[in-house]
Amino acid sequence: MGGMRILVVEDEPLLADAVAEWLRGESHAVDVALDGGAALERFGVNDYDVVVLDRDLPVVHGDQVCREIAAAGGETRVLMLTAASEVDDRVTGLSLGADDYLPKPFAFRELAARVAALGRRSRRAAPPVLERAGVTLDVHLHQVFRDGRYVPLSRKEFAVLAELLRADGAPVSAETLLEKAWDEHTDPFTQAVRMTILKLRRKLGDPQVVLTDPGVGYRIR
């Protein structure tokens, strides 16, 4: 499932970066926080689909971070990570509002699969294959076809196209695409969205299916 906005909260920088890079490889936009205080700051300003949350955090403990995310009442899902594997610890984590629990050490493939499953729960149900105007996108296989022709796309191009197809013909603003497909370090005044749209149009070919609504955004015809 591409195109999610994810926050990874882990106080071990090497592990945090490794998890973030793995998830970016799945076409997600990923931010990283190294302590609970930074996590709450980012959660307060960004709309995340999933938070991957280490339990034993400095500044603000992961338990408290989890409580505050749950208390916010949004659709953000929490995958809690911990070195503890006892049943009581897992039950405690889930009782705080976590949606899933993964003990360390873990396999990145399993973490990515659990994140994808939580992401499907945080959004309105969408079919695994998105289709419109002759464009077919398989969110699980990461494949795109235009009128039966395979179209190789970069991770960002895939994430942007997925968001446009999910909108089912409604316009999607550049700001929304930037939020869903890029991380917090991206300059809000960047031309990244426009350039990605241009590349998408070139790869998808004629007749053009990605249209511009001036002052509104982009849509699939």
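All residue numbers refer to positions counted from 1 along the written sequence of the respective chain. pLDDT decides what is reported in this predicted model: residues at 70 or higher carry local features, side-chain atom pairs at 80 or more are listed and counted, and totals for whole chains, interfaces and linings draw on all residues regardless. No hydrogens and no water enter the side-chain calculation; it runs on all heavy atoms of the structure.

Colleague: How should I be thinking about the packing of aromatic side chains in this particular structure?
Modeller: Aromatic ring pairs are described here by two measures, namely the spacing of the ring centres and the angle between the planes. Two rings from Phe, Tyr or Trp (for Trp, the six-membered ring) form a pair when their centres sit within 6.5 Å of each other. Planes less than 30 degrees apart are called stacked, planes more than 60 degrees apart edge-to-face, and all others tilted. As enumerated under the stated definition, the model contains three aromatic pairs in all. With centroids separated by 5.5 Å and ring planes inclined at 65°, the aromatic side chains of Trp22 and Phe108 adopt a geometry described as edge-to-face. Separated by 86 residues along the polypeptide, Trp22 in helix H1 (residues 13-24) and Phe108 in helix H5 (residues 108-122) bring together distant segments of the chain. Judged by centre distance (6.0 Å) and plane angle (40°), the rings of Phe106 and Phe108 are tilted. Relative accessible area decides the class of each residue, using a 1.4 Å probe on protein chains only: under 20% of the type maximum gives buried, over 50% gives exposed, and in between gives partly exposed. Relative accessible area serves as the criterion here: at 15%, Phe106 is assigned to the buried category. The structure contains a cluster of three or more aromatic residues connected by ring pairs, namely Trp22, Phe106 and Phe108. Secondary structure elements are taken from DSSP: a helix is a run of H or I of four residues or more, a strand is a run of E of two residues or more, and numbering for both begins at the N terminus.

Colleague: I'm lost on the sheet that holds strand E4 (residues 77-82) in this one. Help?
Modeller: The strands making up a sheet associate through hydrogen bonds between their backbones, and the pairing can be parallel or antiparallel. When DSSP locates at least two bridges between a pair of strands, those strands are taken to pair. Spatially, five strands are ordered E2-E1-E3-E4-E5 in an open sheet, and the strand pairing comes out parallel. Of all the strands in the sheet, just strand E2 (29-33) and strand E5 (100-103) have a single pairing partner and so form its edges. The sheet shows a mean angle of 20° between the axes of neighbouring strands, taken without regard to direction. Examined bridge by bridge, strand E1 (residues 5-9) and E2 share five bridges and lie parallel to one another. Looking at E2, one finds that Val9 is bridged to Ala33. Running at roughly 170° to E2, H1 makes contact with E1 and E2 of the sheet. Every axis in this analysis is a line fitted to C-alpha atoms, fitted for helices over the stretch in contact. Angles between the N-to-C directions lie between 0 and 180 degrees. Here, two residues are considered to be in contact whenever any of their heavy atoms come within 4.5 Å of each other.

Colleague: Can you walk me through the packing of helix H6 (residues 155-166) against helix H7 (residues 174-181) in this structure?
Modeller: Geometry of a packed helix pair, given as the angle between the helix axes and the separation of the axes. Two elements in contact, H6 and H7, have axes whose closest approach is 10 Å; the angle formed by their N-to-C orientations is 125°. Comparing the axis directions of H6 and H7 gives the class oblique. Where H6 crosses over H7, the handedness of that crossing is right-handed. Two secondary-structure elements touch here, H6 through Lys156, Ala159, Val160, Glu163 and Leu164 and H7 through Leu177, Lys180 and Ala181. Looking at the contact of H6 with H7 residue by residue, the class counts come to five nonpolar, no polar and three charged. What sets the label is the angle itself: under 35 degrees gives roughly parallel, over 145 gives roughly antiparallel, 65 to 115 gives roughly perpendicular, and the rest give oblique. Should the near helix be turned counterclockwise from the far one by less than a right angle, the crossing is left-handed, whereas a clockwise turn marks it as right-handed. Asp, Glu, Lys and Arg are counted as charged, while Ala, Val, Leu, Ile, Met, Phe, Trp, Tyr, Cys and Pro are counted as nonpolar; the rest, among them Gly, fall into the polar class.

Colleague: I'm lost on unusual backbone geometry in this one. Help?
Modeller: Negative phi characterises most residues that are not glycine, and trans characterises most peptide bonds. Residue Pro105 follows Lys104 across a cis peptide bond; omega there is -5°. Tracing the backbone shows Pro105 in the loop between E5 and H5. Going from Asp206 to Pro207, the amide bond is cis rather than trans, its omega being -5°. By the secondary structure assignment, Pro207 is in the loop between helix H8 (192-204) and strand E10 (210-213). A positive phi is found at Val59, a non-glycine position, where the angle reads about 70°. Of note, Val59 is situated in the loop between strand E3 (50-54) and helix H3 (62-71). The exposure class assigned to Val59 is exposed, which follows from its relative accessible area of 70%. In the Ramachandran plot, Asp147 falls in the positive-phi region, its phi being about 50° despite a non-glycine side chain. Relative to the elements of secondary structure, Asp147 occurs in the loop between strand E8 (143-146) and strand E9 (149-150). Under the relative-accessibility criterion, Asp147 is labelled exposed at 58%.

Colleague: Can you walk me through the pattern of salt bridges in this structure?
Modeller: Opposite charge on two side chains permits them to pair, given that their charged atoms come into close proximity. Throughout this description, the term salt bridge denotes a Lys or Arg side-chain nitrogen within 4 Å of a carboxyl oxygen of Asp or Glu. Within this structure, the stated rule accounts for 13 salt bridges. For Asp31, the salt bridge goes to Arg5, with nearest N and O atoms at 2.8 Å. Here Asp31 is found in strand E2, whereas its partner Arg5 is found in strand E1, with 26 residues between them in sequence. When sorted by exposure, Asp31 lands in the same class as Arg5, which is buried.

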